[in-house]
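Coordinate inspection notes
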Amino acid sequence: MTKLKIAYSPCPNDTFVFDAWAHGRVPDAPRIDVTFADIDVTNGWAEGGTDDHDVLKVSYAVLPWILDEYALLPCGGALGRGCGPLVLTREAGAGADLAGKTVAVPSERSTAYLLFRLWAAESVPGGVGDVVVMPFHEIMPAVRDGKVDAGLVIHEARFTYRNYGLHCLADMGEHWESTTGLPIPLGAIVARRSLGAETLLRLAEAARTSVRMAWDDPEASRPYVLEHAQEMDPKVADQHIGLYVNEFTADLGEHGYAAVRGLLTRAAAEGLVPPLAPDALSFP
């Protein structure tokens, strides 16, 4: 079988999950050709419909636009508790009311943005002002330097924002969990439905085996993780993996699927995404 093309981010959770598969250590797994890309890029590829990758890491928030063409794999993604995006400000307690304020976000198609919009609908009665999209690594410096009033941050920024002298105004994941009791859906693995049911099942099994192999021998993945961690402190990389790679990565299960449906149903009710078809999350 020719190699399947897969795209995921260089973030530690993705390289940890896919290390064994990418390096041919998963028995009987389809061979893959890896492209590294930021999730905002892969979201655009999936939504545009012109990309030639067979498997993509995308935001759960983009699923309503792509599920006709792509199937959600029940494993390999990022979904958990205590791992949500944060809203940061320059001063402690500053801008408790973000009405009319400028907020930097990493993407308007991200799960982080959906969670932010759902939080703001309840917590910012006047509505936020301008929303500015910028690469996530530029957001904290922009808040620190006063270019924006607040920033919505993701990934390892949860561990490093204090290094920029910033303060957490609100935790989107904490708000989501307290209002729903559900884990937080962040990043999903999707594959083209045109690959067929047999191949989709093999892809899911390969992803599931790859993450279990990483758990069994964490040191095996360390060179791959640190090579692509963009000069991230190894301790931060370990924290990143510990937070975003969990039981839901191996299998979404009942609670994982409930979280995904809950997020997208709420977002559709707010007019943020199209409604999901009843069988849209079915696999394969």
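Residues numbered from 1 in each chain as written. Predicted model: local features only at pLDDT ≥ 70, side-chain atom pairs only at ≥ 80, totals over all residues. Heavy atoms only, no water.

**Focus: the pairing of strand β11 (residues 184–192)**
Within β11, 9 of the 9 residues are buried, leaving the element largely enclosed by the surrounding structure. Both strand β3 (residues 55–59) and β11 contribute to a ladder of 5 bridges, which runs antiparallel. Its bridge partner being in β11, V55 is matched across the sheet by A191. In this structure, strand β4 (residues 70–72) lies alongside β11, joined through 3 bridges in antiparallel fashion. Across the sheet, residue A71 finds its bridge partner in β11, namely A191. Two elements, strand β5 (residues 78–80) and β11, share 3 bridges in a ladder whose sense is antiparallel. Bridged to L79 within β11 is P185. (Buried < 20%, exposed > 50% of the residue type's maximum accessible area, 1.4 Å probe, protein only. Helix = DSSP H or I, 4+ residues; strand = E, 2+ residues; numbered from the N terminus. Pairing = 2+ DSSP bridges.)

**Structural notes on helix α8 (residues 197–216)**
With 20 residues, α8 should reach 28 Å at 1.5 Å per residue; the first-to-last C-alpha distance of 29 Å fits that figure. By the burial criterion, the buried members of α8 are T199, L200, L203, A204, A206, A207, R208, S210, V211 and A214. (Expected span 1.5 Å × (residues − 1).)

**Concerning the sheet that holds strand β6 (residues 86–89)**
In space, the 5 strands of this open sheet follow the order β8-β7-β9-β6-β10, with mixed pairing throughout. In this open sheet, the two strands that pair with only one neighbour each are β8 (131–133) and β10 (167–171). Here the average twist between neighbouring strands, direction ignored, is 30°. Looking at chain direction, strand β7 (residues 103–105) and strand β9 (residues 150–153) are connected through 2 bridges and run parallel. (Axes fitted to C-alpha atoms, helices over the stretch in contact; angles between N-to-C directions.)

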